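Chain by chain, the residues:
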Amino acid sequence: MKVLNPKALVDTISKRGRRTRRALTARRRAMEVRRNPEDARRWAKLGRALERRKDWQAAGDAYSAALRLRPDSAIYHGKLARVAKVQGAWQDVIAHLRRALELQPGKYVWVRALGRCLAQGGELAEAIDIRDLDRLEVSLARAKDRTRVLKVIAKVAESLGQWQRASEALQEMIDRAPHEHEWRYRLAHSLERLYSVPFTFGADGVASNSHAPEDAFDQAVRHFSYLVEHHPRRVHAVHRLGGLHEAHGDLEAAAEVYRLAVQRLEEIDATWTHMALQNWRFRLAYVTRQSDDVRIGRTVTPDLDTVAPLTTTCAGFFEAHITATGLRISGYLAPGTKESVAIHVGGRVLKRITVDAGPWLPTFSYELTHEVMGQFDERTELELTVEGRHLVTTANATTVRVHVPGGNGKLPELLAEGRVPTKWGGWPPSESEQVARLLVYVRAKEILERHFGKHLFLFYGTLLGHHRDQGFIPGDDDFDCAYLADSTHPKDLKVELQETSLRLMELGLDICFAGNGRMIKVGLNGMWIDVIPVWFHRGRAWSFDAHELQKEAFEPVVPATFMDREVYVPRDTEAFLVDNYGPGWRTPRSDFRYYQDKNDRKVLATTWLTPSEVREFAERAERVRAGSPSAGRFAGLEIPGGEPGFR
């Protein structure tokens, strides 16, 4: 610990810049410390004055001096935690909060602060110790408001995958407030996890769950059923109940609940229901087997011949499910794992996927399309490993059996040719497909320029590939381009894009919208490209995301050549690439993902069409088709990874 020299600090503050009020206060506090160097309170006041000046290092030194004089002060530990947080010293943050809680057990301010750190993960993940949950639980005995502490414990236990402890805390909360349906939903989820996941990662490594799976199932069903009956607007609870019955093998009960879920979802007119309705209808068809859809016959089940006792080499947990769009694989890994997850099919590595190392339990999610599944053998095995260590699924099985009736078995041949599924789970497009998309762009560019006076320029991944790689990014399976829209308000943009779409149909282009109702996609001869409007609102440029750019970064556009075709690019391409991909955009990243700010996404969502608005647009599109035999068609909403591709 550095010991501050009050006299030197006074001199330093006096010489720095203007004599602001905060500078004068800090100088006065330093002089007080100089006169009373053994007074801990004066050191703490100096620390606060330095904090206000954002002199974090000196503030930390001042608080450390106060703590040296009063080592039993939880307050000073709390102040040091605050300064350490600003400095990014996460180990120090948690260490000080732990000590503060030890000195003042049950003090809610320390419970809450430590709980937030533990639930946050991210940069704090490596500093987290599972025993911190024990420290929070010890505080319950001295807590003045038990429910407040239980809320913190439940949140932390959920984030650390401690489903038993989360369910116990949530159950006590529900006993105190039976009508808190949000708590009950979280309790049902924790019990569902207890039923599905056979172990937890504890302080001593992997440990089997002590809670009986069937008891957890019964309790989860009871709480989900309560929500279904008493909170009908909480439609996700209905769907989750159906999923719980399906996982338990009770397909008749699952079908009954899924029907109710679809019925209630159809009554909601919101953009998020587009994809949800497609997925929920598929689940109903899947459990009833009342369809000749080839996807319905595909199954995934744990291979009970691979069940083995849990060991310290267990790398994590995974689940695999057949969905409307493919084979979804998701799960989490042991704390601190940063290596990629290898997906093995039939003993061969099919794909390595990057994990999200932010949470204490790093997570992953990936979906193979039904097209890729069609290349499997009719019966094969799927397993996941990290650096040679297996992940386990339900019942402690390390492998799942995949049944694909009619699978052509060409997967080994394709892998031998070097083909690898893209980050979206499908096969990378062929060169002829890429050229076909480029030709759609050329046609759309001509139409927008001639009939709208707009310039269609390359955008997002297509622009990055053109500028950095002089071609398409390897494996890129879409084509992004954009133009500057006229509207500056979300509601006006929604109207403008519908009118633009209808006019493009009149001029012979096919139109569809993204699965969430986002406009627009343009097609010719079954090939589709994303035509993204760029509009300006609240001082920023908006498109798929919000960007800290102005109109001057985009126009006037610059002519360029792409695969021997004339294209347009933004006026300041590199400014956009830095804003969207960061300063390291020149280095290819296979793990790049978009993470939209929650508030930005709310603004963008107001430009998307709801189900009723899509139906109204479809009626207008039919009138356009009826009035012009040469008009394009409206293909509805895109189905990611689906067949034939749209609904």
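Computed from a prediction, not measured in an experiment: that's the story for all the values here.

With respect to the helices, strands and loops of the structure, Glu123 is situated in the loop between α7 (108-120) and α8 (131-138). By relative accessible area, which is 63% here, Glu123 ends up exposed. Measuring from C-alpha to C-alpha, the distance between Glu123 and Gly88 comes to 8.3 Å, with 35 residues separating the pair along the chain.

The next thing to look at is unusual backbone geometry. Cis geometry marks the peptide bond from Met519 to Ile520; its omega dihedral reads 0°. Relative to the elements of secondary structure, Ile520 occurs in the loop between β14 (510-513) and β15 (521-524). A cis amide bond links Glu555 to the next residue, Pro556, at an omega of 0°. Considering the arrangement of structural elements, one finds Pro556 in the loop between β18 (546-547) and β19 (558-562). The backbone of Tyr460 shows a phi angle near 45°, a positive value even though the residue is not glycine. Among the residues examined, Tyr460 registers a relative accessible area of 3% and is labelled buried.

Our focus in this paragraph is the nonpolar core. Membership of the largest hydrophobic core comes to 74 residues, with the highest contact counts inside it found for Ile94, Leu136 and Phe224. Each residue touching Ile94, except ones within four places of it in the same chain, is listed here: Leu114, Cys117, Leu118, Leu124, Ala127, Ile128 and Asp132. Counting residues in hydrophobic clusters, the runner-up holds 68 residues, among them Trp535, Phe554, Tyr568 and Leu577.

With that out of the way, let us pick up empty space enclosed by the protein. Vacant regions in the atomic arrangement are exposed by a probe of water-molecule size rolled over the atoms. Under the defined criterion, the tally for this structure stands at 2 cavities of 30 Å³ or more. Of the voids in this model, the largest cavity is the one considered here, and its volume is about 80 Å³. Lining of the largest cavity is provided by Leu493, Leu497, Arg518, Met519, Ile532, Pro533, Trp535, Ser543, Phe544, Thr607 and Trp608. No other element matches strand β16 (residues 527-537), which puts 3 residues into the lining of the largest cavity. Counted by class, the lining of the largest cavity contains 8 nonpolar, 2 polar and 1 charged residues.

Rules of the game
Residues numbered from 1 in each chain as written. Predicted model: local features only at pLDDT ≥ 70, side-chain atom pairs only at ≥ 80, totals over all residues. Heavy atoms only, no water. Helix = DSSP H or I, 4+ residues; strand = E, 2+ residues; numbered from the N terminus. Buried < 20%, exposed > 50% of the residue type's maximum accessible area, 1.4 Å probe, protein only. Core = buried A, V, L, I, M, F, W, Y, C linked by side-chain atoms within 4.5 Å. Contact = heavy atoms within 4.5 Å. 1 Å grid on protein atoms, 1.4 Å probe; cavity = no way out; pocket = protein on both sides within 12 Å on 5 of 7 lines; lining within 4 Å. Points joined across faces, edges and corners; volume = space filled by probe spheres on them. Nonpolar A, V, L, I, M, F, W, Y, C, P; charged D, E, K, R; others polar.

Worth remembering: the numbers are spatial, not functional.
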